[in-house]
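Letter by letter, the chains look like this.
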Amino acid sequence: MPLPEIPVIHEVTTPVELFDRFETMSHSMVDACYRLYKKPTLVVADWLTDKWMKKNNPPYMNEIYAIEEKAKRPGILTLNLSYEWGCTTAAHDDPSGAGVRMLRALDWPVKGMGDKLVVAKQEGPAGEFYNMTWPGYVGAINGFAPNRFAIAMNIAPVPSHRLTVAGDWLYEHAKKWKSNDVPGSFLLRQVFEQCSNYDDAVKMLTETPICTPAFYTVAGMNRGEHIVIERNYKEAVVHREQSCVANQWISDTWRPGFSRGHDSAGRLNLMREVHEGAAGDFDWYRAPISNVETVLVFEANPAKGTL
């Protein structure tokens, strides 16, 4: 089937401006979420999210409320703090000899999210970057800053507390609501806005406390500048030789848990097998990395400026 064209916004835009420009697309995205999560669930979740944000005053809160006011419907608050997706990511020295290459596939169980995607140029004190995002979403899950770095965020597994999968999920979400630390996707946007180089980005992603465990993969400008950072709430494990990550812990530092997404182990094993020899034409994108939940696939090289 032919793939939909992804809108690329080359003039700098804010998330609020992006919503204004693609308001119909944003409403379609919320409709898709209603079909999976149901509107009453999102009404309750919005109420909890509102209480959490007003207590903690996270960055970009005013943007979220501005978009909610324009949208005039439940779901916007919750979606901006949602982390129910899976990803497969690799970063390694580009086989062509120039810079570092990132390979990335993002999966989201909400059917109908793929054709709501946009690539929007945004900026901060450190310079411009391209945010691969959805209208109405203020954080960053994956982005590309030419001549600086490419970074992608993967959600971490749900730690096991022997309360069943649902019980463990609820337990961890209760911890998130008690935390006053920054959400992981908000931190990633801050990195793109504030960090001028690879080392500064790694330091900020490693040391800043977050309210949801996550993985960050960073591809820099120079050969050897590729890293996977495993993040718990206030701690980090850094893998400078480990180039690939899915949705399961790489190290044995953390409490074991339930991996996220479709066949995390299979996706990770395949990416480890193929990423270094990939030709650069999405030849690595096959099952199980390719699956029914995939909504975005990209290859990026900050040194070449290619995405």
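Rules behind the numbers
Residues numbered from 1 in each chain as written. Predicted model: local features only at pLDDT ≥ 70, side-chain atom pairs only at ≥ 80, totals over all residues. Heavy atoms only, no water. Buried < 20%, exposed > 50% of the residue type's maximum accessible area, 1.4 Å probe, protein only. Helix = DSSP H or I, 4+ residues; strand = E, 2+ residues; numbered from the N terminus. Pairing = 2+ DSSP bridges. Phe/Tyr/Trp six-rings, centres within 6.5 Å; stacked < 30°, edge-to-face > 60°. Lys NZ or Arg CZ within 6 Å of the ring centre and 35° of its normal. pLDDT = per-residue confidence, 0-100. Contact = heavy atoms within 4.5 Å. Axes fitted to C-alpha atoms, helices over the stretch in contact; angles between N-to-C directions. Core = buried A, V, L, I, M, F, W, Y, C linked by side-chain atoms within 4.5 Å. Parallel < 35°, antiparallel > 145°, perpendicular 65-115°, else oblique. Polar contact = N/O pair within 3.5 Å; in protein donor to acceptor, adjacent residues only side chain to side chain. Patch = residues over 30% accessible without salt bridge, like charges linked within 9 Å, V, L, I, M, F, W, Y side chains within 5 Å. Areas by Shrake-Rupley, 256 points an atom, 1.4 Å probe, with all protein chains shown as cover. Salt bridge = Lys/Arg side-chain N within 4 Å of Asp/Glu carboxyl O. Left-handed = near helix turned anticlockwise from the far one by under 90°. Nonpolar A, V, L, I, M, F, W, Y, C, P; charged D, E, K, R; others polar.

A. How the structure looks around the pairing of strand β5 (residues 127-133). Of all 7 residues that make up β5, 5 are buried, and the element is covered over most of its length. Of the strand pairs in this sheet, strand β4 (residues 118-124) and β5 are connected by 7 bridges, and their pairing is antiparallel. Residue pairing for β5: Q122 is matched across the bridge by F129. In this antiparallel pair of consecutive strands, β4 and β5, the connection spans 2 residues. Where β5 and strand β6 (residues 142-145) come together, 2 bridges link them in antiparallel fashion. Bridge pairing links Y130 to F144 in β6.

B. Broad picture of the packing of aromatic side chains. Applying the stated rule across the entire model yields 7 aromatic pairs. With centroids separated by 5.5 Å and ring planes inclined at 55°, the aromatic side chains of F149 and F192 adopt a geometry described as tilted. A residue pair is termed long-range when its members are at least 10 positions apart, and F149 in strand β7 (residues 149-155) and F192 in helix α7 (residues 184-194) qualify at 43 residues. For F149, a relative accessible area of 0% gives the class buried. The rings of F129, F149 and F192 are connected pair by pair, giving a single aromatic cluster. The side chain of R189 reaches across the aromatic face of Y60, ending 3.7 Å from its centre.

C. Region of interest: the confidence of the model for the chain. Per-chain confidence: the chain averages 90 in pLDDT, with 93% of residues scoring 70 or above. Confidence, read as mean pLDDT per element, is least for helix α6 (residues 164-178) in the chain (62) and greatest for helix α8 (residues 198-207) (98).

D. Geometry of the sheet that holds strand β3 (residues 100-107). Reading across the sheet, the 4 strands line up as β12-β2-β3-β14 and stay open at both edges, with antiparallel pairing between neighbours. Each end of this open sheet is capped by a strand with a single partner; those strands are β12 (244-245) and β14 (294-300). Judged from the 2 bridges that link them, strand β2 (residues 86-93) and β12 form a sheet pairing that is antiparallel. Bridge pairing in β12 places T89 opposite V245. Strands β2, β3 and β12 of the sheet are contacted by helix α9 (residues 264-274), whose axis makes an angle of about 20° with β2.

E. Summary view of the nonpolar core. By size, the foremost hydrophobic cluster in this structure holds 72 residues, and its most contacted members are W108, W134, F149, I151, V191, L205 and Y216. The element contributing the most residues to this core is β7, with 6 residues. In this structure, I151 is in contact with M102, I141, N142, G143, L188, V191, F192, A201, L205, T217 and V218, ignoring residues within four places of it in sequence. Residues C244, L268, L270 and I289 belong to the second largest nonpolar core, which totals 12 residues.

F. Region of interest: the packing of helix α2 (residues 23-37) against helix α3 (residues 39-56). Viewed as axis vectors pointing N to C, α2 and α3 meet at an angle of 105°, and their least axial separation amounts to 7 Å. Considering their axes alone, α2 and α3 lie roughly perpendicular with respect to each other. Side by side, α2 and α3 meet where C33, Y34 and Y37 of the first sit next to K39, T41 and L42 of the second.

G. Fine view of the side chain of N301. You can see N301 is positioned in the segment after β14. Polar contacts involving the side chain of N301 include one to the main-chain carbonyl oxygen of A98, which spans 2.9 Å. Residues contacting N301, with those up to four places away along its chain left out, are D94, A98, G99, V100, R101, F144 and T306.

H. Layout of the sheet that holds β5. Taken together, 8 strands build an open sheet; the order of strands is β1-β4-β5-β6-β7-β9-β10-β11 and the sheet is mixed. Either end of the sheet is taken by a strand with one partner, and the two such strands are β1 (8-9) and β11 (236-239). Running at roughly 15° to strand β10 (residues 226-231), α8 makes contact with β7, β9 (214-219), β10 and β11 of the sheet.

I. Here's a closer look at a nonpolar patch on the surface. A contiguous nonpolar patch, built from V44, W47 and L48 and spanning about 310 Å² of accessible area, is present on the exposed surface. Structurally, V44 can be placed in helix α3.

J. A look at the packing of α3 against helix α4 (residues 61-71). Interaxial distance between α3 and α4 falls to 11 Å at its minimum, and their mutual angle equals 145°. The crossing of α3 and α4 is left-handed. The segment α3 lies against α4, with D50, M53 and K54 engaging M61, I64 and Y65. Its residues placed into classes, the contact of α3 with α4 shows 4 nonpolar, no polar and 2 charged.

K. Just the pattern of salt bridges, in detail. Within this structure, the stated rule accounts for 12 salt bridges. Here R73 ties to D31 by a salt bridge, and the two come within 2.5 Å at their closest N and O atoms. Highlighted residues: R73 in the loop between α4 and α5 (76-79) and D31 in helix α2, separated in sequence by 42 residues. A salt bridge links E207 to K203, with the shortest nitrogen-to-oxygen separation between them at 3.1 Å. With E207 and K203 both in helix α8 and 4 residues apart, this pair spans about one turn of that helix. For K203, a relative accessible area of 48% gives the class partly exposed. Through salt bridges with shared partners, a single ionic network connects E63, R189 and E193.

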